[in-house]
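# Fold and geometry: a report
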Amino acid sequence: MLTITTPQGAFRRVSTTAGGVAARLVWSAGFAVKRSLMFGRAQSFVDSEVLRLMQPYTPQRTGMLIKSATLGTVIGSGRIKQTVPYAARQYYTTAASRSYDPRRGAYWFERMKADQKGAILRGAAQQMGAEGHE
């Protein structure tokens, strides 16, 4: 019998009486809980960063469009929700930029993602303990 043991669990390979080989992966007891906490922490990081990094791209007259994303989002849910009734119209049918700030305009999430995706992914990887990886 071959057994490989790690902090995450163990892999066991056993030869059967018929000459075959059976393998079994056994996770350690705390592995699932630890990983769930790490995934939750990474998702909370992503949600917070998306809200923060979207702000300079979001059209701003009174600031309510930006505030609605903050108020409508449950950090860690993986879902950014803007609650003002005109958010969809602003997102899909408004001009791509504004005279007062050319970064602000339609499709602000997509434009932010194009510019900031690498930084968000690196930060999420760090939350998962995968520092230095992309």
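Residues numbered from 1 in each chain as written. Predicted model: local features only at pLDDT ≥ 70, side-chain atom pairs only at ≥ 80, totals over all residues. Heavy atoms only, no water.

## So, the side chain of Arg104
Structurally, Arg104 is set in the loop between helix H3 (87-93) and helix H4 (108-127). Residue Arg104 is classed as buried on the basis of its relative accessible area of 11%. Those residues in contact with Arg104 that lie beyond four places of it in its chain are Gln55, Pro56, Tyr57, Thr58, Pro59, Gln60, Ile66, Ala96, Ser97, Arg98 and Arg111. (Helix = DSSP H or I, 4+ residues; strand = E, 2+ residues; numbered from the N terminus. Buried < 20%, exposed > 50% of the residue type's maximum accessible area, 1.4 Å probe, protein only. Contact = heavy atoms within 4.5 Å.)

## Overview of the pattern of salt bridges
For the structure shown, the criterion picks out four salt bridges. For Asp101, the salt bridge identified is with Arg103, shortest N-O distance 3.9 Å. For Asp101, a relative accessible area of 17% translates into the label buried. One salt-bridge network, held together by shared partners, links Asp101, Arg103 and Arg104. (Salt bridge = Lys/Arg side-chain N within 4 Å of Asp/Glu carboxyl O.)

## Some details on the packing of aromatic side chains
Considering all chains together, one arrives at four aromatic pairs under this definition. Between Tyr91 and Tyr92 the ring centres are 4.9 Å apart and the planes differ by 80 degrees, which places this aromatic pair in the edge-to-face class. Residue classification places Tyr91 among the buried positions, given a relative accessible area of 13%. Look at Tyr92 and you get exposed, because its relative accessible area is 53%. One aromatic cluster is present, built from ring pairs that chain together Tyr91, Tyr92, Tyr107 and Trp108. (Phe/Tyr/Trp six-rings, centres within 6.5 Å; stacked < 30°, edge-to-face > 60°.)

## What about the nonpolar core?
Looking at soluble globular proteins, one finds that nonpolar side chains tend to be buried together. Core analysis: the largest hydrophobic core is formed by 13 residues, its most contacted members being Val50, Met54, Leu65, Trp108, Met112 and Ile120. Mapped onto this core, the elements with two or more residues apiece are helix H1 (31-54), helix H2 (64-72), H3 and H4. A per-element tally of this core places H1 first, with four residues. The contact partners of Leu65, leaving out residues within four places of it in the chain, are Thr58, Pro59, Gln82, Val84, Tyr86, Ala87, Gln90 and Trp108. (Core = buried A, V, L, I, M, F, W, Y, C linked by side-chain atoms within 4.5 Å.)

## Some points on unusual backbone geometry
Positive phi, close to 55 degrees, is recorded for Tyr107, a residue that is not glycine. With respect to the helices, strands and loops of the structure, Tyr107 is situated in the loop between H3 and H4. Taking the relative accessible area as the measure of exposure, Tyr107 reaches 38% and is therefore partly exposed.

## Considerations on the packing of H1 against H4
Where H1 contacts H4, the two axes come as close as 9 Å, and the packing angle between them is 150 degrees. Of the two elements, H1 crosses H4, and the hand of that crossing is right-handed. Contact residues: H1 offers Met38, Arg41, Ala42, Phe45, Val46, Glu49, Val50, Leu53 and Met54, while H4 offers Trp108, Phe109, Met112, Gln116, Ile120, Gly123, Ala124 and Gln127. For the contact of H1 with H4, the class distribution of residues is 12 nonpolar, three polar and two charged. (Axes fitted to C-alpha atoms, helices over the stretch in contact; angles between N-to-C directions. Left-handed = near helix turned anticlockwise from the far one by under 90°. Nonpolar A, V, L, I, M, F, W, Y, C, P; charged D, E, K, R; others polar.)

## Describing the sheet that holds strand E3 (residues 21-27)
Read across the sheet, three strands follow the order E1-E2-E3 without closing on themselves; strand pairing throughout is antiparallel. Where the open sheet ends on each side, the last strands, each with one partner, are strand E1 (2-6) and E3. Sheet twist, expressed as the average angle between the axes of neighbouring strands with direction ignored, equals 10 degrees. (Pairing = 2+ DSSP bridges.)

## Considerations on H1
Look at H1: 34 Å from first C-alpha to last across 24 residues, which is about the 34 Å you get at 1.5 Å a residue. Three or more residues of H1 are buried, namely Phe31, Met38, Ala42, Asp47, Glu49, Val50, Leu51, Leu53 and Met54. Packed against the buried residues of H1 are E3, H2 and H4. (Expected span 1.5 Å × (residues − 1).)

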